Amino acid sequence: MATYIKHPQASPINIDVDGKDRIFDINDPALPDWVDDRDLSAGGYPYDKKMDRDDYEDTLFALQQQIVLLQQDLLANKRRIIVVFEGRDAAGKGGSIRVLTQFLNPRHARVVALPKPSDREQGQWYFQRYVSHFPTDGEMVVFDRSWYNRGGVEPVMGFCTPQQHKNFLADVPDFERMITDEGILFFKFWLNIGRETQLKRFHDRRHSSVKFWKLSGIDVKGMEKWDDYTHARDEMIEATHSQHAPWTLIRYNDKRRGRIEMLKHILSNVDFDGRNKKLIGKANREIIGYGPVFLD
């Protein structure tokens, strides 16, 4: 018996690529050459090949062992960590969270991915439903999207008013200062991808028998709002990048390099028993940077 798969409605869209008008039809099983040829290089990505798989897997496992030691230190010293992952749809948030938490004790590492707010939550202080998930002693809490929904998706898709958006950008620095003043170790990552990279990943989801569910109606609508999302991203990072809660930006066209830099960044910025600085190594400044200047 055939399985019925319902896909979001999607019409072909026009996209300007280097001054040429291109048509992208996500329903067409054939990926256009102009997408396939640029999915890695899109947006000025500095590498023309992905990181070698064997090198990636060896490096990843070594860093994951360090992450396990970090968790043991958190438990022993009753420290707390919050890690926020943000980025465009299909940027690589889910996979990054997976490699970060893969070998951690799940009793002390939680992933928070909240659905749309309920009627009750809509009547609360905006940050309230996020605060209720903050860590206790020894815990790591990872947000798969966060309060920054109001900095990107909500204003672009019309889910909040302009005044709510403005108030949010003004309130975030003080809100995040309360987090760090509380002694919570706080990381926030923006995973940055090029447009053709996103289109290819959307196309892969649309035509996958196991990942089709990851393509939502919001994703489809957002394909035509690339520039709107870019503007919202730039405004958000400019307003909410601070000394106490800086934005760490990672170029994520190649997920392998991106994941490695994400893990290295956390490990480099938390002192813990057993930390191997030589193994962790230095950051790749072509891939990872901080604040609005890294978007230029």
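Residues numbered from 1 in each chain as written. Predicted model: local features only at pLDDT ≥ 70, side-chain atom pairs only at ≥ 80, totals over all residues. Heavy atoms only, no water.

*Asks:* How should I be thinking about the pairing of strand β2 (residues 20–24) in this particular structure?
*Replies:* For a regular strand, side-chain orientation follows a simple rule: the groups alternate between the two sheet faces. Bridge analysis of strand β1 (residues 13–17) against β2 gives 5 bridges, and the strand direction is antiparallel. When the bridges of β2 are listed, I15 appears paired with R22. The hairpin turn running from β1 into β2, its antiparallel successor, is 2 residues long, and D18 in that turn takes a positive phi close to 55 degrees. (Pairing = 2+ DSSP bridges. Helix = DSSP H or I, 4+ residues; strand = E, 2+ residues; numbered from the N terminus.)

*Asks:* Any chance you could explain the nonpolar core here in plain terms?
*Replies:* Burial of nonpolar side chains together is a common tendency in soluble globular proteins. Within the largest apolar cluster, 36 residues are counted, with the highest numbers of intra-cluster contacts made by L70, V83, F85, L100, F189, M262 and I266. Top element by residues in this core is helix α2 (residues 53–77). It accounts for 6 residues. Each residue touching V83, except ones within four places of it in the same chain, is listed here: L100, V141, V142, F143, F187, F189 and I266. By size, the runner-up hydrophobic cluster in this structure holds 25 residues, among which are F134, M236, A245 and L249. (Core = buried A, V, L, I, M, F, W, Y, C linked by side-chain atoms within 4.5 Å. Buried < 20%, exposed > 50% of the residue type's maximum accessible area, 1.4 Å probe, protein only. Contact = heavy atoms within 4.5 Å.)

*Asks:* Would you take a moment to explain the packing of aromatic side chains for this structure?
*Replies:* Two aromatic rings, taken as a pair, are described by how far apart their centres are and by the angle between their planes. Throughout the structure, instances matching the rule amount to 24 aromatic pairs. With a centroid separation of 5.9 Å and 85 degrees between ring planes, the pair formed by F61 and F103 is classed as edge-to-face. Within this pair, whereas F61 is found in helix α2, its partner F103 is found in the loop between α3 (93–101) and β4 (109–112), the two being separated by 42 residues in sequence. When its relative accessible area of 43% is taken as the criterion, F103 is described as partly exposed. Aromatic side chains W147 and F186 sit 6.2 Å apart centroid to centroid with 25 degrees between the ring planes, which places their arrangement in the stacked category. On the criterion of sequence distance, the pair formed by W147 in the loop between β5 (140–144) and α6 (153–157) and F186 in strand β6 (residues 185–192) is long-range, its members being 39 residues apart. Lying across the ring of W226, R88 places its NZ or CZ 3.4 Å from the centre. (Phe/Tyr/Trp six-rings, centres within 6.5 Å; stacked < 30°, edge-to-face > 60°. Lys NZ or Arg CZ within 6 Å of the ring centre and 35° of its normal.)

*Asks:* For this particular structure, what's the right way to read empty space enclosed by the protein?
*Replies:* Any empty space left between the atoms is revealed when a probe the size of a water molecule rolls over them. Within the structure shown, the criterion is met by 1 cavity of 30 Å³ or more. Here the largest cavity defines a volume of roughly 200 Å³. Around the largest cavity, the lining is made up of 21 residues, and of these G87, R88, V153, W190 and Y229 lie nearest the centre. Here the lining of the largest cavity takes 5 residues from helix α10 (residues 226–240), the largest share from any one element. (1 Å grid on protein atoms, 1.4 Å probe; cavity = no way out; pocket = protein on both sides within 12 Å on 5 of 7 lines; lining within 4 Å. Points joined across faces, edges and corners; volume = space filled by probe spheres on them.)

*Asks:* Help me out: how do you make sense of a positive patch on the surface in this one?
*Replies:* A contiguous patch of positive charge on the surface is contributed by K50, R98, K211, K214 and K255. Of note, K50 is situated in the loop between α1 (33–36) and α2. Judged by its relative accessible area of 51%, K50 falls in the exposed class. (Patch = residues over 30% accessible without salt bridge, like charges linked within 9 Å, V, L, I, M, F, W, Y side chains within 5 Å. Areas by Shrake-Rupley, 256 points an atom, 1.4 Å probe, with all protein chains shown as cover. Salt bridge = Lys/Arg side-chain N within 4 Å of Asp/Glu carboxyl O. Lys, Arg positive; Asp, Glu negative; His and termini not counted. Charge placed at Lys NZ, Arg CZ, Asp CG, Glu CD.)

*Asks:* Just to check I follow, could you spell out the sheet that holds strand β7 (residues 247–251) for this structure?
*Replies:* What links the strands of a sheet is backbone hydrogen bonding, and the strands pair in either a parallel or an antiparallel sense. Spatially, 6 strands are ordered β4-β5-β3-β6-β7-β8 in an open sheet, and the strand pairing comes out mixed. At either margin of the open sheet sits one strand with a lone partner, and together these are β4 and β8 (288–290). For this sheet, the mean inter-axis angle between neighbouring strands, taken without regard to orientation, is 20 degrees. Both strand β3 (residues 81–87) and β5 contribute to a ladder of 5 bridges, which runs parallel. Directly across from V84, in β5, lies its bridge partner F143. (Axes fitted to C-alpha atoms, helices over the stretch in contact; angles between N-to-C directions.)

*Asks:* How do you make sense of a negative patch on the surface when you look at a structure like this?
*Replies:* A cluster of acidic residues, D52, D54, D55 and D58, forms a negative patch on the protein surface. Under the relative-accessibility criterion, D58 is labelled exposed at 56%.

*Asks:* It is not clear to me how a nonpolar patch on the surface should be interpreted in this structure. Could you clarify?
*Replies:* On the surface, a cluster of nonpolar side chains totalling about 310 Å² of accessible area is made up of W125, V131 and M178. Mapped onto the secondary structure, V131 falls in helix α5 (residues 128–131).

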